[in-house]
Amino acid sequence: MQKVKIFDTTLRDGEQSPGCSMNLKEKLEIARCLEKMRVDIIEAGFAISSPGDFESVSEIAKTVKNCTVASLARANTVDIDTAWEAVKHAADPRIHLFIATSDIHLEYKLKMSRDQVLEQAEAMTRYAKKYCSNIEFSAEDATRSDWAYLAQVVEAVIRAGATTVNLPDTVGYTTPSEMRGLIEYILEHVDGADKVDLSLHCHNDLGLATANSLAGVLGGARQVECTVNGLGERSGNTSLEEVVMAIHTRPDIFGDIKTGIDTRQIYHTSKTVYNVIGQKAPLNKPIVGQNAFAHEAGIHQHGVQANALTYEILTPESVGIKANNIVLGKHSGKHAFEEHLRDMGFELSADEIKRCMEEFKILCDKKKTVTDADIEAIVMHHSSGHATATEGFELDWFAVYTSNFTTSTSTVCLKKDGEKYQQVALGDGPIDASFNAIDQIIKPVEHSFDIYTINSISEGKDTLGDVAVRLRAGDRTFVGRGLSTDTIEASIIAYINAMNKMQAQLAPQEV
Ligand code: KIV
Ligand code: ZN
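Quick look at the structure, then. Each chain carries its own residue numbering, running from 1 in the direction its sequence is written. Just so you know, chain letters begin at A and ligand numbers begin at 1, following the order they were written in. Local features in a predicted model are, by the rule used here, given only for residues with pLDDT of at least 70; side-chain atom pairs are given and counted only at 80 or more, and totals for whole chains, interfaces and linings are based on all residues. Note that water and hydrogens are dropped before the side-chain values are worked out from all heavy atoms of the structure.

A look at the overall build of the chain
Alright, step 1. Helix and strand content of the chain: 18 helices and 16 strands.
Alright, step 2. The C-alpha atoms of the chain give a radius of gyration of 25 Å, which matches the 24 Å a tight globule of 511 residues would have.
Alright, step 3. By its C-alpha atoms, the chain is 75 × 60 × 45 Å across when sized along the principal axes.
Alright, step 4. Burial status follows relative accessibility: with a 1.4 Å probe on protein chains alone, a residue under 20% of its type maximum counts as buried, one over 50% as exposed, and anything between as partly exposed. In the chain, buried positions account for 55% of the 511 residues.
Alright, step 5. Between two residues, a contact is recorded if the distance between any of their heavy atoms is within 4.5 Å. Contacts in the chain between residues far apart in sequence, at least 24 positions, make up 66% of those at least 6 positions apart.
Alright, step 6. Each accessible area is a Shrake-Rupley estimate made with a 1.4 Å probe; only the visible protein chains count as cover when residues are assessed. Element-wise, carbon and sulfur atoms account for 51% of the exposed surface of the chain, whose accessible area totals about 22300 Å².
Alright, step 7. Just so you know, the count uses Lys and Arg for positive and Asp and Glu for negative, and it drops His and the chain ends. Note on charges: their place is set at NZ of Lys, CZ of Arg, CG of Asp or CD of Glu. Distance from the positive charge centre (51 side chains) to the negative charge centre (72 side chains) of the chain: 3 Å. A helix here means a DSSP run of H or I that spans at least four residues, while a strand means a run of E at least two residues long, and both kinds are numbered starting from the N terminus. Here the globule rule is a power law, 2.2 Å times the number of residues to the power 0.38, and the radius of gyration is based on C-alpha atoms.

Here we look at the environment of I6
Alright, step 1. Here I6 is to be found in strand β2 (residues 5–8).
Alright, step 2. On a C-alpha basis, the gap between I6 and I183 in space is 17 Å, while along the polypeptide they are 177 residues apart.
Alright, step 3. With sequence-adjacent residues up to four places away left out, I6 is seen in contact with V39, D40, I41, V224, C226, L240, V244, T259 and I261.

Brief notes about the site of ligand 1
Alright, step 1. Taken together, R12, D13, H96, F98, S138, E140, N166, P168, T170, H201 and H203 are the residues near ligand 1.
Alright, step 2. Between N or O atoms, a polar contact is any pair within 3.5 Å; within protein, one atom must be a potential hydrogen donor and the other a potential acceptor, and residues adjacent in sequence are included only when both atoms are from side chains. For ligand 1, an oxygen atom lies 3.1 Å from a polar atom in the side chain of H201.
Alright, step 3. A total of 260 Å² of accessible area belongs to ligand 1 in isolation, and the protein chains cover 94% of it.
Alright, step 4. Only Asp, Glu, Lys and Arg are considered charged in this grouping, and only Ala, Val, Leu, Ile, Met, Phe, Trp, Tyr, Cys and Pro are considered nonpolar; every other residue, Gly among them, is considered polar. Here the shell around ligand 1 is composed, by residue class, of two nonpolar, six polar and three charged. Nearness is defined per residue: one heavy atom within 4 Å of the molecule or strand is enough.

A few points about the packing of helix α3 (residues 51–63) against helix α4 (residues 77–87)
Alright, step 1. Across the interface, α3 lies against α4 with an axial gap of 7 Å and an inter-helix angle of 40°. In terms of axis orientation, α3 runs oblique to α4. Between α3 and α4, the residues in contact are F54, V57, S58 and A61 and T82, E85, A86 and V87, respectively.
Alright, step 2. Here the residues of the contact of α3 with α4 sort into five nonpolar, two polar and one charged. To define axes, lines are fitted to C-alpha atoms, for helices over the stretch in contact only, and angles between the resulting N-to-C directions are given on a 0 to 180 degree scale. Oblique is the label for every angle not falling under 35 degrees (roughly parallel), over 145 degrees (roughly antiparallel), or within 65 to 115 degrees (roughly perpendicular).

Observations regarding the pairing of strand β3 (residues 41–45)
Alright, step 1. Most of β3 sits out of view: five of its five residues are buried.
Alright, step 2. Looking at chain direction, β2 and β3 are connected through two bridges and run parallel. Note on β3: the bridge partner recorded for D8 is I42.
Alright, step 3. Strand direction decides the pairing type here: β3 and strand β4 (residues 68–74), joined by four bridges, are parallel. Looking at the pairing, E43 lines up with A70 of β4.
Alright, step 4. As for the winding sense of the linkage, the β-α-β connection from β3 through α3 to β4 is right-handed. A pair of strands counts as paired when DSSP detects no fewer than two bridges linking them. Here the term right-handed applies to a crossover when the path leading from its first strand over the helix to its second strand runs clockwise, the strands being oriented away from the viewer.

A look at the nonpolar core
Nonpolar side chains tend toward joint burial in soluble globular proteins.
Alright, step 1. We call a set of buried Ala, Val, Leu, Ile, Met, Phe, Trp, Tyr and Cys residues a nonpolar core when their side-chain atoms join them within 4.5 Å. Membership of the largest hydrophobic core comes to 94 residues, with the highest contact counts inside it found for V39, F137, V165, L167 and I186.
Alright, step 2. If you tally residues by element for this core, the top one is helix α7 (residues 147–159), at eight residues.
Alright, step 3. Domain segmentation is taken from an automatic or database assignment of domains. Counting contributing residues, this core receives three or more from each of domain 1 (2–277) and domain 2 (294–321).
Alright, step 4. Setting aside anything within four residues of it in sequence, one finds V39 in contact with I6, D8, L34, C67, L240 and I261.
Alright, step 5. A437, I441, I492 and A494 belong to the second-largest nonpolar core, a separate cluster that totals 27 residues.

Regarding helix α2 (residues 24–37)
Alright, step 1. Here, expected helix span is obtained from the residue count minus one, scaled by 1.5 Å. The terminal C-alpha atoms of α2, which comprises 14 residues, lie 20 Å apart, in line with the 20 Å expected from a rise of 1.5 Å per residue.
Alright, step 2. For α2, the tally of buried residues reaches ten of 14 residues, placing the bulk of the element in the interior.
Alright, step 3. Along α2, the residues classified as buried are E26, K27, L28, E29, I30, A31, C33, L34, E35 and M37.
Alright, step 4. A side-chain oxygen of the first residue of α2 lies 3.3 Å from the backbone nitrogen of K25; this N-cap is N23.
Alright, step 5. Looking one or two residues beyond α2, the residue adopting positive phi is R38, at roughly 70°.

Some words on the sheet that holds strand β15 (residues 465–473)
Alright, step 1. In spatial order, the strands read β14-β15-β16; together these three strands make up an open sheet with antiparallel pairing. The outermost strands of the open sheet, each flanked by one partner alone, are β14 (448–456) and β16 (476–484). Each strand axis lies, on average, 15° off the axis of its neighbour in the sheet, ignoring direction.
Alright, step 2. Of the pairings in the sheet, the one linking β15 to β16 comprises nine bridges and is antiparallel in character. If you follow D466 over to β16, its bridge partner there is L483.

Here it is in structure tokens:
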């Protein structure tokens, strides 16, 4: 077997894209999913970029045991020192340094000559090597670089000790045949290229990231950098689930090339990431979208019933999607509930199970049938701290007066540290009025209201409403989620949750 390593950069390239910022707890939760899915390398962040990033790289390095943990660094000593400080406690630390190699980046961004970049790349790889044996070098904008010059840089960094050399398609410009050609060219023209892992890092500006990565693998690359759900700057990075399942599904093309991923963890990990960023998979997203395995057209349904292979190239079970069994009700015991959660892929503490079970029972009283989708929503809200207000404000009660011919009024009562706070406010509809009342209580730092979405969890008009609210303060975003059969209540909970996160980060003394 030839292994293609999966390098996950959801927590670095994914997280640095607008609207995807995550707090430490959320990053740790995702890192645990990635470890369980058996990715080879977790790029936990860009340690020098902020104290928060440094802390999360460092905490992930200390927590994760079965994956390499990497921090990004520009090719300079301060970045490399900081990256090392952050990853040094990892079971297998990696420093990932980069410098651009395309003429356009050299001239307009770095203002350096080709010789200077070559020298810097080699010297900084050697510098990083004194800390750690596992060194990745990335030639930023490799696909728009002159191939002969790129080959010189790659040879120099291999000489200096790089163990992985990444050739990013930074602006999503290349095509599959060109990507494969570049890898083959480097393998042919660079001394020692066959002794290191050549790596791909494709952006999706032309929708070709997955195709380009797969073509690079066929050309001889042995590491793919990707993100869960394809998160990332602009149109995103290569989507982990697409690359992994393509290799998994087409052994006739990829032969003995395999990834080490436990594909049954894909769906759960994808859901966790969407939950953290307050989004839902687009319906037609390959592998993890709601329609990925749905067969609406009669002719398809008929074919699938006769033989699933007529229209299904991979099974939902292979990515961890379970049939929606309704086996629990309000009389189910704790053990049955716990076992069912385990079956669904959740590993929760005794306290979390207790709290989820309480909510499950409340929901059983409100809804005719409680489905696995409902249970999954309850657990996801709890596990990412959306449902609990352990720090900050919590909803006590609210009352709204609303009609379609006058301004709405909302009275909201919040509690915090045993104190109750009540305000009444007007608004354009019950949600606006409630948010205004909450603003009066919390008196938040200056922010803008970025996104409000509401999704139904299951079918039927008694469905749970899943609300996501995203607030923006400067370049930081804060996502809150709320879940209730009452959409006004779900909205209020989501808003308080986002506010709590924002205040805790930006105005701790005022909360
Ligand atoms: O897109 C890119 O070139 C990168 C590098 C820093 C690896 O993210
Ligand atoms: Zn990138």
